[in-house]
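Letter by letter, the chains look like this.
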Amino acid sequence: MPKLILSMDGLVLKEIVLTKERTSIGRKPVNDIQIDNLSISGQHAVITHILGDAFLEDLNSTNGTYVNGQPVKKHVLHNNDVIELGKYRIKYQSDASTQGTSATELVDTAALKPFDAGTLDPVEPLPADMSTADTTLPPTPEHAETSSIGHLLEHVGVIQVLNGANTGQELELSKSVTTLGKPGHQVAVITRREQGYFITHVEGKVYPSVNGKQLDAQARKLKDHDIIEIAGVKMEFFLRP
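The rules behind each value
Residues numbered from 1 in each chain as written. Predicted model: local features only at pLDDT ≥ 70, side-chain atom pairs only at ≥ 80, totals over all residues. Heavy atoms only, no water. Pairing = 2+ DSSP bridges. Helix = DSSP H or I, 4+ residues; strand = E, 2+ residues; numbered from the N terminus. Polar contact = N/O pair within 3.5 Å; in protein donor to acceptor, adjacent residues only side chain to side chain. Contact = heavy atoms within 4.5 Å. Salt bridge = Lys/Arg side-chain N within 4 Å of Asp/Glu carboxyl O. Buried < 20%, exposed > 50% of the residue type's maximum accessible area, 1.4 Å probe, protein only.

A.B. asks: Mind showing me how you'd approach the sheet that holds strand E21 (residues 226-230) here?
C.D. replies: Sheet strands pair via backbone hydrogen bonds, and the direction of the pair is either parallel or antiparallel. Across the sheet, which stays open at both edges, the six strands sit in the order E14-E13-E22-E21-E18-E19 with antiparallel pairing between neighbours. If you trace the sheet from one side to the other, it starts and ends with strand E14 (170-172) and strand E19 (213-214), each paired once. Note that E21 and strand E22 (residues 233-240) share five bridges and pair antiparallel. By the bridge assignment for E22, Asp-226 is matched with Phe-237.

This is the structure:
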């Protein structure tokens, strides 16, 4: 399991194994990792752990959160990244058994290619013009019937681009975690779990939307024919037999 190593001035204070999906860090006792120091905000930051991948988010702390010396608001953690909170350091170490074999794949929504039965290479360069169309897509009913777990296991999720120069292009969500968006602007992850497909915001001040409704900090389960908008690109999620 991935773990965090908390230290100060080179002295290791604690090791924490990431067994929960959400691990909070802050000065208040309610946090999973409490750091009783005035330089640390009451609720300073949170680490979300999804299927072997970890995402750090600063919770509008007073003194900020740094990774490897750079200030961050949201950050995808990599093995041996060092999180800096005041004088404290938290080293992130991923599970050694999965290093180099992560199922996470960064897919820039401006670089999708048409789906076919062969190998899908989502980072092949395509025209950079991703200007959005003016047409507003009708949202899927919020309370539409969801598929059963058995049904989801027999079907693979697919996203299809609905606007811009790459309209009609598709990406099959066959990996455990697929990361979509534009790094530094807006990034979200779609995870494939036993219960279905879930979308979670990772990076960017503006959250992606599903059926015209902006996501919050929690993962949202996707339904067949949901309309997702990430970094100005509208996509339809559907299940393919």
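Don't stop here, the text continues.
A.B. asks: Quick question: what am I supposed to make of the side chain of Gln-186 here?
C.D. replies: With respect to the helices, strands and loops of the structure, Gln-186 is situated in strand E16 (residues 186-193). Only 2.5 Å separates the side chain of Gln-186 from the backbone oxygen of Val-206, close enough to count as a polar contact. At a separation of 2.4 Å, a polar atom in the side chain of Gln-186 contacts the main-chain amide nitrogen of Ala-231. Dropping the residues within four chain positions of it, Gln-186 is found in contact with Leu-180, Gly-181, Glu-203, Gly-204, Val-206, Tyr-207, Pro-208, Glu-229, Ile-230 and Ala-231.

A.B. asks: Even after reading the chapter, I still don't get the pattern of salt bridges, so can you show me in this structure?
C.D. replies: Two side chains carrying opposite charge are able to pair once their charged atoms lie near each other. Per the counting criterion, the structure on display carries six salt bridges. The partner of Lys-20 in a salt bridge is Asp-32, with the nearest N and O atoms 2.6 Å apart. Taken as a pair, Lys-20 in the loop between strand E2 (11-17) and strand E3 (22-26) and Asp-32 in the loop between E3 and strand E4 (33-34) lie far apart in primary sequence, 12 residues in all. Arg-193 is the partner of Glu-21 in a salt bridge, and the nearest nitrogen-oxygen pair spans 3.7 Å. Here the residue Glu-21 occupies a position in the loop between E2 and E3, and Arg-193 occupies one in strand E16, the gap between them amounting to 172 residues.

A.B. asks: Please clarify how unusual backbone geometry should be interpreted in this entry.
C.D. replies: Across the chain, the bulk of peptide bonds are trans and the bulk of non-glycine residues have phi less than zero. Residue Asp-9 is not a glycine yet carries a positive backbone phi of 55°. With respect to the helices and strands, Asp-9 occurs in the loop between strand E1 (3-8) and E2. Positive phi, close to 55°, is recorded for Asn-68, a residue that is not glycine. Tracing the chain through its elements places Asn-68 in the loop between strand E7 (65-67) and strand E8 (70-72). Residue classification places Asn-68 among the partly exposed residues on the basis of a relative accessible area of 43%.

A.B. asks: So what exactly am I meant to see when it comes to the environment of Leu-13 here?
C.D. replies: Secondary-structure assignment places Leu-13 in strand E2. You can call Leu-13 partly exposed: its relative accessible area is 43%. As for Leu-13 and Ile-90, which are separated by 77 residues in sequence, their C-alpha atoms are 9.9 Å apart. If we skip the residues at most four places from it in the chain, Leu-13 touches Leu-6, Ser-7, Met-8 and Tyr-88.

A.B. asks: Whenever I open this one, the sheet that holds strand E5 (residues 45-50) confuses me. Can you help?
C.D. replies: Taken in spatial order, the five strands of this open sheet run E4-E3-E5-E6-E9, and their pairing is mixed. Two strands close off the open sheet at either side, each with one partner strand: E4 and strand E9 (74-76).

A.B. asks: Honestly, the pairing of E2 in this entry has me stumped. Any pointers?
C.D. replies: Remark: a regular strand shows side chains that alternate across the two faces of the sheet. The pairing of E1 with E2 spans six bridges and is classified as antiparallel. Paired with Met-8 across the two strands is Leu-11, which belongs to E2. Counting the residues between successive antiparallel strands, the hairpin from E1 to E2 contains two residues, one of them, Asp-9, with a positive phi of roughly 55°.

A.B. asks: Before we go on, may I ask you to explain the pairing of strand E10 (residues 82-85) in this structure?
C.D. replies: Sheet topology places E7 next to E10; two bridges connect them, and they run antiparallel. Within E10, the position partnered with Tyr-66 by the bridge is Glu-84. Sheet topology note: the E10/strand E11 (residues 88-93) ladder contains four bridges and is antiparallel. Following the sheet pairing, Glu-84 is matched in E11 by Arg-89. Linkage of E10 to E11, two consecutive antiparallel strands, is achieved through a turn of two residues, within which Gly-86 is found at a positive phi near 60°.

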